[in-house]
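Residue strings, one per chain:
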Amino acid sequence: MVETLSERLHAAADGTPEDHFDPATVIRAGRGRVLRRRAALGGAALATLAVVGGVPLALAGGGGDGDGAPASPPPAERLTLDDASPAVEGRDYVVERTVRSADTEASGGPFVRGITPDGTTVLQRYPHGVERTQESEVGLAPPGGEVRWLAAPPGLGNYAGTAGADLVFEDGGDESDGSVAGFWLFEAQRGRWRAWTDDRGSLVMFDTSAGPVAAGSDQVLTTNGPTFQGPRTQLFRTSTAPGSALAPFATAGNVAQRGTTYAYTDTLARPNHEVTVGDLAAGRTVSFDPHTGDCRQIGVGLAADAVVVTTNCAIGDDPNAMTDIVDHIDVFDLDGRPLASLTGDQLGPVATSDRWLTVKTREEGRAGVYAYSFDDGRLLRLTDRESSYTGDAAGAGDRLVWERPVDGDHGVAFTVARMR
Amino acid sequence: MRRRDDQEFADFAVAARPRLRRTAYLLSGDWELAADLAQEALVRVYVAWPRLHRAGEGVHAYARRCAVSAWIDWTRKRSNRELPTSAEVLDRGQVEGPAEPLAVRDELMGALRELGPRQRACVVLRYYDDLGVADTARVLGCTEGTVKSQTAKALASLRRHLELRDLVAAAEGGL
């Protein structure tokens, strides 16, 4: 009898050692990733390719040193997580608020979803647990003040930023692929919710894989439909005022906005060779090559005076591999001059606020949350623990929010602090 | 997902894991790593579960794609800093097999170890998972031509091992 290669492979794999598999561990990890991802999609978090997440195996290796490394790395200050100093309370930051949620699956939060430009902490909780995310409440906590809880519309997703006087929240959409069916607006002055519609009465659609909706300005750049797989989508200029038309603006990959300043990449999820920075009010634009080579474009962020481009050089050329984990974070000024480059194995999610960038990592020995100052180049390690249940609520101004696991990683504690 | 969906997913995970783990073992040569890769694949399936149902994509096929993708990611990461790679992994990955002569199995696993990740994936997907060229290309995210050429190169490499010549000759006939 002639044995085949197939039979030999089957024979080789038949010596299977005993497997102690509990599907609950997968479900727990999956829920954590969904929650983490959903939170990452909110606020002024860096735009992500979203979805399936990186490879949370205990991997070693230098990000971007392989085949996919940038062809011409920018001559910026080179940083790794090992350059970080432990952040010291009182010296580097002052804690304004701590929000603790024990056993988040049972309690349903609260989760800190972001900070508004006026310093209000935005929270969300699920009274019936995280399995019933259709029902939630939103909490607004001004600096030093008590939390005011509001009943939220069914299926409300994460806080996505502010537009004029409105707080923008995602519709729950499909939590598996990051697509969002539309938006809810909370008119803070009137204390009421309304759906965001355009001049034809249609819901403004959006895909958070392209980027956050906006921050600050009443003029908003948005997509109007799912992009999900990239590499480009149509950007529209509009506002949250009732009946505003959607005016085609540009085609783009990732997009970020802060006030009237915007930045977008040429592609999403593919190698990207152009970043455009502009101002909606002044109309001026600057385009530059971020020199990220063949690395996969993952996100773009915008600070007060800096643009952040994140890429994954190790993910390879599999078009189906999707991640919000990056290995390169390149910082440029608004004219495209390179300022800094932070590399690591499993960086992300990444969030950009006005003056600080925060990045998480699960790297063995380096796990935790880090903050980089756009003002003075400080790299601080805010905590040496990373919660598997939490997301990426972005800060605003000099306020940052970060998390640490509690209750054996069944729960999470959020710290809202003013950085110094 | 709702609790009902969780139960459906758990049923799928329990059924799919053994095969995923074996595929991952043939790719990695390490049962521990194989377990991690299978776990990662199932987590990705969990996250994508509603979309998979809506899109009508085969869940098993997606899970296998995730496992292979996780394996290739792993090799890229590891190759950046830690060499040698698979030799150590394969050595500590050995377990006592049943009737299969250890020397022969070692020959096969050692020969697989010498292949690049994509060539190894082609061999495992084609001759263990019994996928056609088109399905293998879909899993690896490459063209059918690439699968054919990578498989041919892999078989040519395997042929250098005396114990495998007959097996490879039969496989080459089916290319």
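Residues numbered from 1 in each chain as written. Chains lettered and ligands numbered in written order. Predicted model: local features only at pLDDT ≥ 70, side-chain atom pairs only at ≥ 80, totals over all residues. Heavy atoms only, no water.

> Got a minute to help me understand the overall build of chain A in this structure?
Looking only at helices and strands, chain A has three helices and 29 strands in total. Within chain A, the fraction of its 420 residues that count as buried is 63%. By sequence separation, contacts in chain A at least 24 residues apart represent 49% of the contacts at least 6 residues apart. By element, 47% of the accessible surface of chain A is carried by carbon and sulfur atoms, the whole surface being about 14,500 Å². (Helix = DSSP H or I, 4+ residues; strand = E, 2+ residues; numbered from the N terminus. Buried < 20%, exposed > 50% of the residue type's maximum accessible area, 1.4 Å probe, protein only. Contact = heavy atoms within 4.5 Å. Areas by Shrake-Rupley, 256 points an atom, 1.4 Å probe, with all protein chains shown as cover.)

> Would you explain the overall build of chain B in this entry?
In terms of helices and strands, chain B carries nine helices and zero strands. Listing each helix as α and each strand as β along chain B from the N terminus yields α-α-α-α-α-α-α-α-α. Out of the 175 residues in chain B, the part that is buried amounts to 57%.

> Help me understand the state of the cysteines in this model?
Disulfide: a covalent bond formed between the sulfur atoms of two cysteine residues. Residues and elements named next belong to chain A. This model, assessed by the stated rule, comprises one disulfide over all chains. The residue that forms a disulfide with Cys-295 is Cys-313, at a sulfur-sulfur distance of 2.1 Å. Across the disulfide from Cys-295 to Cys-313, rotation about the S-S bond amounts to roughly 100°, and the bridge is consequently right-handed. Within this pair, whereas Cys-295 is found in the loop between strand S20 (285–288) and strand S21 (296–302), its partner Cys-313 is found in the loop between strand S22 (306–312) and strand S23 (326–333), the two being separated by 18 residues in sequence. Both residues of the pair, Cys-295 and Cys-313, count as buried. (Disulfide = S-S within 2.5 Å.)

> In this structure, what is going on with the sheet that holds strand S14 (residues 219–222) of chain A? I would like to understand it.
Sheet strands pair by backbone hydrogen bonding; their relative direction is either parallel or antiparallel. Residues and elements named next belong to chain A. Strand order in the open sheet made by the three strands is S14-S15-S16, with antiparallel pairing throughout. Each end of this open sheet is capped by a strand with a single partner; those strands are S14 and strand S16 (247–252). Strand-to-strand twist of the sheet, defined as the mean angle between neighbouring strand axes without regard to direction, takes the value 30°. With four bridges joining them, S14 and strand S15 (residues 233–239) adopt antiparallel strand pairing. Bridging across to S15, Thr-222 finds its partner in Phe-236. (Pairing = 2+ DSSP bridges. Axes fitted to C-alpha atoms, helices over the stretch in contact; angles between N-to-C directions.)

> Looking at this structure, how should I read the packing of helix H6 (residues 117–127) of chain B against helix H8 (residues 144–159) of chain B?
Axes are the key here: two packed helices are described by the angle between their axes and the distance separating the axes. Residue and element names in this part refer to chain B. One way to put it is that H6 packs onto H8 with a least axis distance of 8 Å and a crossing angle of 95°. Considering the angle they form, H6 stands roughly perpendicular to H8. Along its contact with H6, which presents Arg-118, Gln-119, Cys-122, Val-123, Arg-126 and Tyr-127, the element H8 presents Val-147, Gln-150, Thr-151, Lys-153, Ala-154, Leu-155 and Leu-158. (Parallel < 35°, antiparallel > 145°, perpendicular 65-115°, else oblique.)

> Got a minute to help me understand the pairing of S21(A) in this structure?
The side chains of a regular strand alternate between both faces of the sheet. Residues and elements named next belong to chain A. Among the seven residues that make up S21, seven are buried, leaving the element largely enclosed by the rest of the structure. Taken together, the six bridges between S21 and S22 define a ladder with antiparallel strand orientation. Note that in S22 the partner of Val-300 across the bridge is Val-309. The hairpin turn running from S21 into S22, its antiparallel successor, is three residues long.

> Would you mind showing me how to read the pattern of salt bridges here?
Opposite charge on two side chains allows them to pair when their charged atoms are near. Residues and elements named next belong to chain A. Within this structure, the stated rule accounts for 23 salt bridges over all chains. Across the pair Asp-354 and Arg-258 runs a salt bridge, and its minimum N-O distance is 3.4 Å. You can see Asp-354 sitting in the loop between strand S24 (338–352) and strand S25 (356–361) and its partner Arg-258 sitting in strand S17 (residues 255–258), a full 96 residues away along the chain. Given the relative accessible area of 22%, Asp-354 is considered partly exposed. Via salt bridges that share partners, Arg-91, Asp-92, Asp-376 and Arg-378 belong to a single interconnected network. (Salt bridge = Lys/Arg side-chain N within 4 Å of Asp/Glu carboxyl O.)

> What exactly am I supposed to notice about the confidence of the model for chain B here?
Detailed reading of the predicted model is not advised wherever pLDDT is low. Residues and elements named next belong to chain B. For chain B, per-residue confidence averages 75 on the pLDDT scale, and residues scoring 70 or more make up 66% of the total. Here helix H4 (residues 86–93) stands out as the least confident element of chain B, with mean pLDDT 40; H6 is the most confident, with 92. Every residue in residues 79–100 is under pLDDT 50, and counting partners more than four places away or in other chains gives 47 contacts. (pLDDT = per-residue confidence, 0-100.)

> Can you help me understand helix H7 (residues 133–140) of chain B in this one?
Helical geometry note: an α-helix holds 3.6 residues per turn, so side chains three or four residues apart project in the same direction. Turning to H7(B), its buried residues are Val133(B), Thr136(B), Ala137(B), Val139(B) and Leu140(B). Down the axis, H7(B) shows its buried residues gathered within 160° of arc, on one side only. (Arc of directions from axis to C-beta.)

> Any chance you could explain unusual backbone geometry here in plain terms?
Peptide bonds are trans in most cases, and residues, glycine excluded, mostly fall at negative phi. All names here are of chain A. Geometrically, the link from Gly-109 to Pro-110 is a cis peptide bond, its omega value of 10° lying close to zero. Structurally, Pro-110 can be placed in the loop between helix H3 (104–107) and strand S4 (111–115). Between Gly-348 and Pro-349 the backbone carries a cis peptide bond, its omega angle lying at 0°. Looking at the secondary structure, you find Pro-349 in strand S24. With phi around 55°, His-291 is a residue other than glycine that occupies positive phi space. Assignment of secondary structure puts His-291 in the loop between S20 and S21.

> Explanation requested: the sheet that holds strand S3 (residues 93–101) of chain A in the structure shown.
Residues and elements named next belong to chain A. In space, the three strands of this open sheet follow the order S3-S29-S28, with antiparallel pairing throughout. The open sheet has two edge strands, S3 and strand S28 (399–406), and neither has a second partner. Ignoring strand direction, the axes of neighbouring strands in this sheet form an average angle of 20°. As defined by bridge partners, S28 adjoins strand S29 (residues 411–419) across eight bridges and the pair is classed as antiparallel.

> How do you make sense of the packing of H7(B) against H8(B) when you look at a structure like this?
Residues and elements named next belong to chain B. One can describe the packing of H7 onto H8 by two numbers: an axis separation of 8 Å at closest approach and a directional angle of 100°. Taken together, H7 and H8 sit at an angle that is classed as roughly perpendicular. The residues of H8 that touch H7, namely those facing Val-133, Ala-134, Thr-136 and Ala-137, are Glu-144, Val-147 and Lys-148. Classifying every residue of the contact of H7 with H8 by side-chain character gives four nonpolar, one polar and two charged. (Nonpolar A, V, L, I, M, F, W, Y, C, P; charged D, E, K, R; others polar.)

> Would you explain the environment of Leu33(B) in this entry?
Take Leu33(B): it is sitting in helix H2 (residues 31–55). Linking Leu33(B) and Trp74(B), residues 41 residues apart in sequence, is a C-alpha distance of 9.7 Å.

> Would you mind going over the side chain of Thr383(A) with me for this structure?
Residues and elements named next belong to chain A. Within the secondary structure, Thr-383 sits in strand S27 (residues 379–383). Looking at Thr-383, its side chain comes within polar contact range of the main-chain nitrogen of Arg-385, at 3.2 Å. When residues no more than four places from it in sequence are discounted, the contact partners of Thr-383 are Ala-367, Gly-368, Val-369, Trp-402, Glu-403 and Arg-404. (Polar contact = N/O pair within 3.5 Å; in protein donor to acceptor, adjacent residues only side chain to side chain.)

> I would appreciate a short explanation of the pairing of strand S11 (residues 183–187) of chain A in the present structure.
Residues and elements named next belong to chain A. Counting buried positions over the five residues of S11 gives four, a clear majority of the element. Taken together, the four bridges between S11 and strand S12 (residues 192–195) define a ladder with antiparallel strand orientation. The residue bridging Phe-186 from the neighbouring strand is Trp-193, located in S12. Between S11 and S12, which pair antiparallel in sequence order, lie four residues; one of them, Gly-191, sits at a positive phi of approximately 65°.

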